[in-house]
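Listed below are the residues making up each chain.
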Amino acid sequence: MRRPHIRTAAIAVAVATAATGLAGTAFAGPSTGGERSAASTATAATAVVKAAQAAAFAHTAATGVAQGDELHAQDVLLDPEGARHVRFVRTHDGMPVLGGDLVVHLDRRLAYTGVTSAATHAVEPAAAKPELTAAQAAAKAARAAKGEAGDVELVVDARAGSAALAYQVTVTDNGTANTVVVDAVTGKVRSNTPVADEFLSPKLLAAMRRSGQTADPATGAGSTAWSGLLGSRVSGVTHYPATARGTGKTLFVGSVGLTTTATSRGHYQLKDPNRYGTETRDAKGKYTESFGAGTKFTNTTNVWGNGKTSSRASAAADAQYGITKTLDFYKKTFNRKGIANNSKAARGMVHWGNKVANAFWDPTCNCMLYGDGDGQMFKKPLVVLDVTGHELTHGVVEATANLQPTYVDADGNQYGEPGSLNESLADIFGSNVEFYANNTKDTPDYLVGEKLGLDQKFLRRLDHPSLDKLEGTIDYWSADTYYTEVHAGSGVSSHAYYLLAEGSGTKTIGGVKYNSPTYHNASTVKGIGRTKATAIFYRALTRYMVSTTDFHGARAATLKAAKDLYGSTSTEYKTVDKAWAAVNVTAANTPAARH
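Read on for a plain summary of the structure. (Residues numbered from 1 in each chain as written. Predicted model: local features only at pLDDT ≥ 70, side-chain atom pairs only at ≥ 80, totals over all residues. Heavy atoms only, no water.)

It is worth spelling out the packing of helix 6 (residues 385–399) against helix 7 (residues 417–437) at this point. Where helix 6 meets helix 7, the closest approach of the two axes is 7 Å, and the angle between their N-to-C directions is 130°. Comparing their axes, helix 7 and helix 6 come out oblique. Viewed along their axes, helix 6 and helix 7 form a crossing whose handedness is right-handed. Every residue of helix 7 that contacts helix 6 at L385, D386, G389, H390, T393, H394 and V397 is listed here: N422, E423, L425, A426, D427, F429, G430, V433, E434 and A437. For the contact of helix 6 with helix 7, a count of residues per class yields seven nonpolar, six polar and four charged. (Axes fitted to C-alpha atoms, helices over the stretch in contact; angles between N-to-C directions. Helix = DSSP H or I, 4+ residues; strand = E, 2+ residues; numbered from the N terminus. Parallel < 35°, antiparallel > 145°, perpendicular 65-115°, else oblique. Left-handed = near helix turned anticlockwise from the far one by under 90°. Contact = heavy atoms within 4.5 Å. Nonpolar A, V, L, I, M, F, W, Y, C, P; charged D, E, K, R; others polar.)

Disulfide: a covalent bond formed between the sulfur atoms of two cysteine residues. Scanning all chains against the criterion turns up one disulfide. Residue pairing for C365: its cysteine sulfur links by disulfide to C367, the two sulfurs lying 1.9 Å apart. When the S-S torsion is -75°, as for the bridge of C365 with C367, the disulfide is left-handed. Accessibility classification places C365 together with C367 in one group, the buried group. (Disulfide = S-S within 2.5 Å. Buried < 20%, exposed > 50% of the residue type's maximum accessible area, 1.4 Å probe, protein only.)

The omega angle of the peptide bond from Y240 to P241 is 0°, so this bond is cis rather than trans. Tracing the sequence through the fold places P241 in the loop between helix 4 (202–211) and strand 13 (242–249). Phi is positive for N521, close to 50°, though the residue is something other than glycine. Within the secondary structure layout, N521 lies in the loop between strand 29 (512–516) and helix 10 (530–544). For N521, a relative accessible area of 63% corresponds to the exposed category.

Before going further, it helps to spend a moment on the packing of aromatic side chains. Applying the stated criterion to the full structure yields 21 aromatic pairs. Between Y287 and W352, the ring centres sit 5.3 Å apart and the planes meet at 80°, which makes this aromatic pair edge-to-face. Separated by 65 residues along the polypeptide, Y287 in the loop between strand 17 (278–282) and strand 18 (295–296) and W352 in the loop between strand 21 (347–350) and strand 22 (359–362) bring together distant segments of the chain. The class of Y287 is partly exposed, set by a relative accessible area of 32%. For the pair Y330 and F334, a centre-to-centre distance of 6.2 Å together with 40° between the ring planes defines the contact as tilted. Here the residue Y330 and the residue F334 both occupy positions in helix 5 (residues 312–334), the gap between them amounting to four residues, near one helical turn. In this structure, Y330 and F334 share a single accessibility class: buried. (Phe/Tyr/Trp six-rings, centres within 6.5 Å; stacked < 30°, edge-to-face > 60°.)

Our next topic: the side chain of T63. By the element assignment, T63 lies in helix 2 (residues 60–63). Separated by 2.8 Å, the side chain of T63 and the backbone oxygen of A56 make a polar contact. Polar contacts involving the side chain of T63 include one to the main-chain amide nitrogen of V65, which spans 3.3 Å. If near-sequence neighbours (up to four positions away) are discounted, T63 is found in contact with A56, R90, L102, Y112, V115, S117 and A119. (Polar contact = N/O pair within 3.5 Å; in protein donor to acceptor, adjacent residues only side chain to side chain.)

This part covers the pattern of salt bridges. Overall, the coordinates contain 19 salt bridges when judged by the stated rule. As a salt-bridge pair, D328 and R275 come within 2.8 Å of each other at their nearest N and O atoms. With D328 in helix 5 and R275 in the loop between strand 16 (271–272) and strand 17, the pair connects residues that are 53 residues apart, well separated along the chain. Assigned by exposure class, D328 and R275 land together as buried. When the shortest N-O distance is used, the salt bridge between E572 and K532 registers 2.7 Å. Of this pair, E572 sits in helix 12 (residues 571–581) while K532 sits in helix 10, placing them 40 residues apart in sequence. Judged by relative accessible area, which is 31%, K532 ranks as partly exposed. Through salt bridges with shared partners, a single network forms among D79, E81, R539, R543 and D564. (Salt bridge = Lys/Arg side-chain N within 4 Å of Asp/Glu carboxyl O.)

Pasting the structure below:
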């Protein structure tokens, strides 16, 4: 589940740093939308950023940028066909603007070609000064989130079609955190969203409790080929630490190869030096969001786990395998270097908390947190491969479009199309991680959570989402989709993606039977293949989506991406249009009043 993290004004990438390389800056490759490092072309990146800033202020009617605003570059993408895209977050009079993100598009000559903006209105708040003090806002936030208030910051909240002065407050409780936004004039709580990304929603857990259903996935040692990068157990045993290859005896995917670190002769650590130092640690039951508080996994055999829960390292082997396979998928498919495309480690902590029936992407520690299950509904650690691919993709979305839910109810369930689109992208790319890994113990498919041991044999599925009865996932868009919980709403774009990749009707892939319908069975769609469909959705995410993108916005974004990659008269472009129409998302039914 996506638990949104609202960024602050402490922008990691400012325009002034562009000359020495922007963190997360990337350049599109050929037809796949792949990316390469911008380090060697920092001067070009600086020129693009300056041109995009100037264009944003020159086209205020489209961008909503006005006096008092400052734009801070988050990402620069230079496409080989000539387009340039600069993703900005915004401050106003020095205050972070929530919902103020935008992407400015330029041509090869750095002329303005358009903008994708989360807020098209000016973001100057109606009130110039707060009525509440920071201490008063902190107290209100602490009561709302039932925890202890921490950092308090004055911001502009431009997420609801207008702009208001507000305080953003971080509230923590027992290792978890919420971001609470309090109106600085009225004292009203404008939003209260958990920071961490949970895989299982409160609504789903409640439905399972009501039905008495449990999830008890089968485990088994099995065996697969070693999948590391080296040809010997330790490479160049002259200096330590050295790169080594070990074996993970996992809970869910058999025996797998893991690249590890030899810290000295005959001593190993579960840390991958070939993938930016990616590492898994043991939280040992603590509720901590500090990776440094986790205990390192070390041993003298370079064999991790025994394929059973009796070894604490078994879950760690699953986690490390899933994290590295996700990194490899993004690197090999899009040349994305790490979750934030900044060549930094992805990290995981297993055995997190006490009887936690969930797994999280946590932006606070930039790591995966895996619970061991509660022993009742979920009886094993949630370290399944597509769970990891799903959750790490939330990190990718956060680093790019940063899609946010529209509202959250009192139980923590999230609603709104941008949040649903976030969940859908996590399912789409999480499934792609399975296809990339191609592990015989976890056969690639368009199902999500099929290894969890649920009665319906999967959690969600992309071909026919409404077959998920636990969450009540929907197949098609309607005006009521805005009021649908985000996991249930994710079916709209997941279904469109499947139709684009594989087409409508019956099909068997990898032994799994699919039968994808279309809206009122009024059309048929012939798929263009998973590789092209994935390239289109990734390009749309990284170039044409922002924090408020809804399903009609996603349609426009994927059409632009298809046009970039294949041309506006191509079969691929036309199929994107057909796939969205087949889930009832068309230009004609775009809502006049966007939420």
